[in-house]
Every structure is written in structure tokens, then in C-alpha cells.
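# Inside the fold
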Amino acid sequence: MNELSRTPLHDLHVELGGKMVEFAGYSMPVQYPLGVKKEHEHTRAACGLFDVSHMGQVMISGPNPAEALETLVCADIVGLPVGMQRYALFTNDEGGIIDDLMVANTGEHLFLVVNAACKARDIPHLRMGLGADYEVEELDRGLLALQGPKAAEVMARLCPDACELTFMQQGAFSMEGAEVWISRSGYTGEDGFEISIPANRTDAIARRLLQESEVEAIGLGARDSLRLEAGLCLYGHDIDESTTPVEAGLIWAIGKPRRRGGEREAGFLGADIILHQVEARDHRRKRVGLLGEGRAPVREGAELYSSDDRHIGVVTSGGFGPSVGKPVALGYVNVDDAEIGSVIYAEVRGKRLAMTVSKTPFITPDYHRG
């Protein structure tokens, strides 16, 4: 793996017995000796620590950066209060999703976290789209996610001030003598904190967190099963340049001021197509949740069929949900076949397995909304 990039925690992963695999050009742990299922269950019951330092951390500065960024995303960034973050989507001229990201308003700058597999494209896209008046700086920082129902108990010992944050708030804090930027959201569906740390302090803070009895190191395998149960999209699988926000069930990510009749209507790439779909609801397919029967998982790529043998879609993410106790999946089906409660069939190794179209998330989220 010498040609792969490494996060500041690479040596720690190896020391902990992490099974290292290639992910988005990085050497990353897919699991530790505890195993994916137990890592998943531990996060739901207590607290998991995830290395997400491979993701891109970007600072934007310049005149009115929120107005400038709104030319590239469909979210309401101008209306984002200081100390808050918001989910956003980069779109293209055809209305497809280039990437999904988090945008935080620090007061002086905009702080973005973009997907690891997309950052090499996202950063030039930002620089070209924003122009010479704006500085787009990729930061050399580590990024940890502390997730689970006991995350706040752990954080109260190391950085008690951060426990005052509620869902989607963020701020700057001191932790173990380092200046850190902490947000509170959660890709697992649990309460959690995302901690951006100077690269040279990331290892020390991760080790300090792992000293707490509630905390276990968690790999990519459990991160994926946890986010799947939470009904959250994974870029490159559930959303990509061929899917629009409307098809993906992400209408809520289109800020109300950016919609037809809004105070800053449209103005982003692909707006005509996306806003037409919002109003006319004439898109042909829709992302849905799927609950299986038995224990056989239905994986990405499984073709979906109606009860009368019509091909109606495909699974984009799938596996067994340890907390749900059933196979869970996300996929796209024809809009006419997307009714909640309807039974469709996934083809797995030549057999048709029944799945029920279901609401997402599959678990009850436990975000800290205050």
C-alpha cells in the first residue's frame, strides 16, 4: 500500500490491529479485531471513534463568500447563521449531484468538509466557480468522528464546552491543549461530534479518546452499516452525477430561498432542471428504503422487479442491519412503484427475494437537538 495516502492515524490503526484496505486513495481500516458487527453494536450502545481524516477540509475566504458559494450549491448559505453548519449539494448543469458536503459558517470564513473520493475535483471546481476574489484553501488537519449515545459523556471529560452544542452547531474549542473545531451531527444516526484537529495533534487526541472506557475504534465496515440504517446517502453509490436532488429524496437540501418564488431563486448549476422537478414532480425514479426478510443481505447492484415481473430499479447500497435485525437497502425504483408498504423483489444469485418499500431511516435517530 506504499502508493496510497495515509491519514495521521495510520500507525495507530496498524497498532490496533486494523485490517487496512484501499478507500478513496487512502489506506484505511475496514475493521478491527472486534469485528464489524460488534463495532456496529458498540457504537449504537456506547461510543465509537472513526477516523475520517481522508475527507477534504476546505476554508473559503473573500468578500461575501456565502453569496459566492450559492452559485455552486442549491442550499441556503446566505441564511446560515454564524456557528451553524448545513448539508449542501454541488450540482452540475444537468442537475446531477457532483458531491454532497457540509458547510459551516465560522463568522470569518466558510468551512467545508467534502468527500474524500471527490475532493481532487471539488477544490478546482470551487476555485474556478468562485473566481480570483476568493481563497480556497485545503487544510492539513485530521478529522475524527465520536459517535454514539455516550459520546457526550466522553466529550464532557475532555472538552465540556463542546457539550453545549446542539444538532448542526459548530465552534472552536481547546482540547488537550490543541485548538480544535467541533461540530455536532452524526453520520451514524446517533448523537455525535466531528472534531477537526491540527494534523500533528490528531494521533495524541485519538489515543486520549480511546482511553475512555466507552470508546472503541470503529472501521469503515461498521461506519457503512450504521449510516445505511440511518438512511443516509453514500456519494458514488446512492447519489452521483446521474441523480438529481429530487430523485434522491433530498428536496429538503434545496433551500427555500433558492426555490421558485424565493428571495434568491435558482442561481445554481442545473437549477432549471432541478426546480422543474420540484414543482412538476415529473421525475421518473425515486430513491427508497427497502426492508428484507430473513437474514440474506441484498447488496449494491441487485436488480429490482415488481410482482408482475417488470424491471423497476436497482439497489445502490445494501447489507444486513444489525440493529434492525433484517436486511436493509437503499435503491432507485420507478416513481409509480415507490409506494411505502409495497412489496418488490430483489434478484440475488438467481433468486427473487421479497423486500418492502419502507420509510427511512430504519432506526430512530438520536441527534441532540437541545
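Please refer to the structure placed before this passage.
This report concerns the structure included in the present document.

About the thresholds
Residues numbered from 1 in each chain as written. Predicted model: local features only at pLDDT ≥ 70, side-chain atom pairs only at ≥ 80, totals over all residues. Heavy atoms only, no water. Disulfide = S-S within 2.5 Å. Buried < 20%, exposed > 50% of the residue type's maximum accessible area, 1.4 Å probe, protein only. Core = buried A, V, L, I, M, F, W, Y, C linked by side-chain atoms within 4.5 Å. Helix = DSSP H or I, 4+ residues; strand = E, 2+ residues; numbered from the N terminus. Contact = heavy atoms within 4.5 Å. Salt bridge = Lys/Arg side-chain N within 4 Å of Asp/Glu carboxyl O.

Turning next to the state of the cysteines. The full count for this structure, using the stated rule, is zero disulfides. Unpaired in this structure, Cys 159 has its nearest cysteine sulfur neighbour in Cys 163, at a distance of 7.5 Å. A relative accessible area of 19% places Cys 163 in the buried class.

So, about the nonpolar core. Core analysis: the biggest nonpolar cluster contains 26 residues, and Met 155, Ile 182, Ile 195 and Leu 209 have the highest contact counts within it. Mapped onto this core, the elements with two or more residues apiece are β3 (47-51), β9 (141-147), α5 (151-158), β10 (170-175), β11 (178-185), β12 (192-198) and α6 (199-210). In terms of residues, this core owes the most to one element, α5, which gives four residues. Leaving out residues up to four positions away in the same chain, Ile 182 has contacts with Met 155, Cys 159, Ala 162, Leu 165, Gln 169, Gln 170, Gly 171, Phe 173, Phe 193, Glu 194 and Ile 195. By size, the runner-up hydrophobic cluster in this structure holds 23 residues, among which are Ala 66, Leu 72, Ala 75 and Ile 123.

Now for the pattern of salt bridges. Scanning the entire structure with this criterion turns up 27 salt bridges. For Arg 207, the salt bridge is made with Asp 203, and the minimal N-O distance between the two is 2.6 Å. Of the two residues, Arg 207 and Asp 203 are both situated in helix α6; the distance of four residues between them amounts to about one turn of the helix. One salt bridge in this structure joins Arg 310 and Asp 308, with 3.1 Å as the shortest N-O distance. With a relative accessible area of 37%, Arg 310 lands in the partly exposed category. Taken together, the shared-partner salt bridges connect Glu 70, Asp 76, Arg 86, Arg 258, Glu 263 and Arg 264 into one network.

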